[in-house]
Amino acid sequence: MSDSVPTPPSAAEALRLADRAGAAARQPGELPRWYGPTFAFTFTAYGLGIGQVIETGQIAMIGGIAAGFAAMTGGLARVAMRSDGIVRRGMPDGTGGPVASAVLAVCAASAAAMVLAWQAGGGPRWIGGAAGLAAGLTFWAGTHRLNRRVRRLKEAD
């Protein structure tokens, strides 16, 4: 056994450790791995549901499907935020443009898929499913890119 007694760190060393701990606490976490695929599936199911409702003429159900989609995506986003995702630690300045670009990309991908499915002779189910799948995959890719950008901006702070 050693007779040495542990000595407390010096003030400078303690401040350095505190700074490192603070920087680690401010660093945003990664989005959960399930986030992108789950949203892609949810968008696809929503598109297929809307297409099915239109094809069968039960237009009154669109509101219920939209409410279900909103509840599902809201719940998924809440779980992702609580699992230490990027939003929990705050969004840095300069992310408004990339967020707007991601939203526009989802809309454009959905519209392009709808046009392609319609041009291919697809019915409402195919058109809705194609739109949902394109929107979901674009959302997945967009959130992945946005998460990386936010991490870089937060690390630069």
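A brief look at the structure comes next. Note that the coordinates shown come from a computational prediction; the quantities given were computed from them, not determined experimentally.

## As for the overall build of the protein
No. 1: Helix and strand counts for the protein come out as 5 helices and 0 strands.
No. 2: In the protein, the succession of α and β elements from N to C terminus is α-α-α-α-α.
No. 3: Put simply, the protein has 157 residues, and 29% of those count as buried.
No. 4: Sequence-distant contacts, at least 24 apart, represent 80% of the contacts inside the protein between residues at least 6 apart.
No. 5: Entry remark: accessible area of the protein is about 10,100 Å², with carbon and sulfur atoms responsible for 65%.

## Some remarks on the pattern of salt bridges
No. 1: Counted under the stated rule, the structure contains 1 salt bridge.
No. 2: A salt bridge links R125 to E55, with the shortest nitrogen-to-oxygen separation between them at 2.7 Å. Here the residue R125 occupies a position in helix α5 (residues 124-156), and E55 occupies one in helix α2 (residues 35-56), the gap between them amounting to 70 residues.
No. 3: Classification of R125 by relative accessible area gives partly exposed; the value is 36%.

Rules of the game
- Residues numbered from 1 in each chain as written.
- Predicted model: local features only at pLDDT ≥ 70, side-chain atom pairs only at ≥ 80, totals over all residues.
- Heavy atoms only, no water.
- Helix = DSSP H or I, 4+ residues; strand = E, 2+ residues; numbered from the N terminus.
- Buried < 20%, exposed > 50% of the residue type's maximum accessible area, 1.4 Å probe, protein only.
- Contact = heavy atoms within 4.5 Å.
- Areas by Shrake-Rupley, 256 points an atom, 1.4 Å probe, with all protein chains shown as cover.
- Salt bridge = Lys/Arg side-chain N within 4 Å of Asp/Glu carboxyl O.

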